[in-house]
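# Residue-level structure breakdown
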Amino acid sequence: MNRPAITAWRAPTLAAAFGAAITLFVFWPGLMSVDSAVQFAQARGVVPWDDVHPVLMAALWRATDAVCAGPGGLFALFVLAWWAGLACWAGQWRTTAWRRVMLVLVVGFWPASFLMLGHVWKDVGMSAALLLASAFCLQWHRGRGGWSRVAALVFLFVACGFRHNAAAAA
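Here goes a summary of the coordinates provided. (Residues numbered from 1 in each chain as written. Predicted model: local features only at pLDDT ≥ 70, side-chain atom pairs only at ≥ 80, totals over all residues. Heavy atoms only, no water.)

## Some words on the packing of aromatic side chains
Applying the stated criterion across every chain yields a total of 10 aromatic pairs. Counting every residue linked through ring pairs, the aromatic cluster contains Phe-18, Phe-27, Trp-83, Phe-109 and Phe-114. (Phe/Tyr/Trp six-rings, centres within 6.5 Å; stacked < 30°, edge-to-face > 60°.)

Put into C-alpha cells, the structure is as follows:
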C-alpha cells in the first residue's frame with residue numbers, strides 16, 4: 001500500500017475509533033430484549049438451541065462469554081465490527097479527509113443507526129456484517145486485491161447466519 005492510501009485510511013479510522021469508544025461508553029454492556037436473553041441462555045446452555053434463533057449468534061456469544069462474561073463481549077464485537085466497516089467504507093471514497101471523517105460520524109451517530117447499535121440484537125450483527133461486506137465489495141470493485149472478494153462473500157454468509165431473512169439483503 002502506498003503512502004497516500006495509508007493516509008486516506010487514517011482519518012476515518014480515528015473517527016471510527018472515537019465512535020466505537022463513545023458507543024461502548026454510552027451503552028455498556030449493551031441493551032438486551034427478551035429475544036436476546038433467550039439467545040444468551042442458549043449460548044450458556046441453559047436452554048437448548050432451536051431453529052427460531054440463528055445458531056451463529058449463540059455460538060459467537062458462547063465464545064465471547066468465555067472471554068468477557070455477560071453480554072458485553074458480543075456487544076463489543078458488534079460495535080467494533082460496525083465502526084470498522086464504516087471506516088473501511090468511508091476510507092475508500094476519493095474525497096478530502098474531512099469529508100470521510102464527517103461521513104463516518106454522521107452515519108455512525110445518525111439516531112437510527114446509533115440507537116440500534118446499543119442493543120445486542122441479531123439485527124445489529126447482520127447490519128455490521130452487511131456493512132463490512134459492502135466495504136469489501138467496494139474495495140474489490142475498485143481493483144484493490146482479490147482477497148476483498150473472498151472477504152465480501154464471507155461477510156455476506158455471516159450476515160445470512162444472523163437472520164433467516166438476510167438472504168434478500170445479501
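## Concerning helix 8 (residues 147-162)
A rise of 1.5 Å per residue sets the reference length of helix 8, with its 16 residues, at 22 Å; its end C-alpha atoms lie 23 Å apart and thus fit the reference within 8%. Looking at helix 8, one finds that the buried residues are Ser-148, Ala-151, Ala-152, Ala-159 and Phe-162. Axial view of helix 8: buried residues confined to an arc of 100°, hence all on one face. Counted as exposed and oriented over 90 degrees from the buried face of helix 8: Val-150 and Phe-157. The secondary structure elements touched by the buried residues of helix 8 are helix 3 (55-67), helix 4 (72-91) and helix 7 (122-141). (Helix = DSSP H or I, 4+ residues; strand = E, 2+ residues; numbered from the N terminus. Expected span 1.5 Å × (residues − 1). Buried < 20%, exposed > 50% of the residue type's maximum accessible area, 1.4 Å probe, protein only. Arc of directions from axis to C-beta. Contact = heavy atoms within 4.5 Å.)

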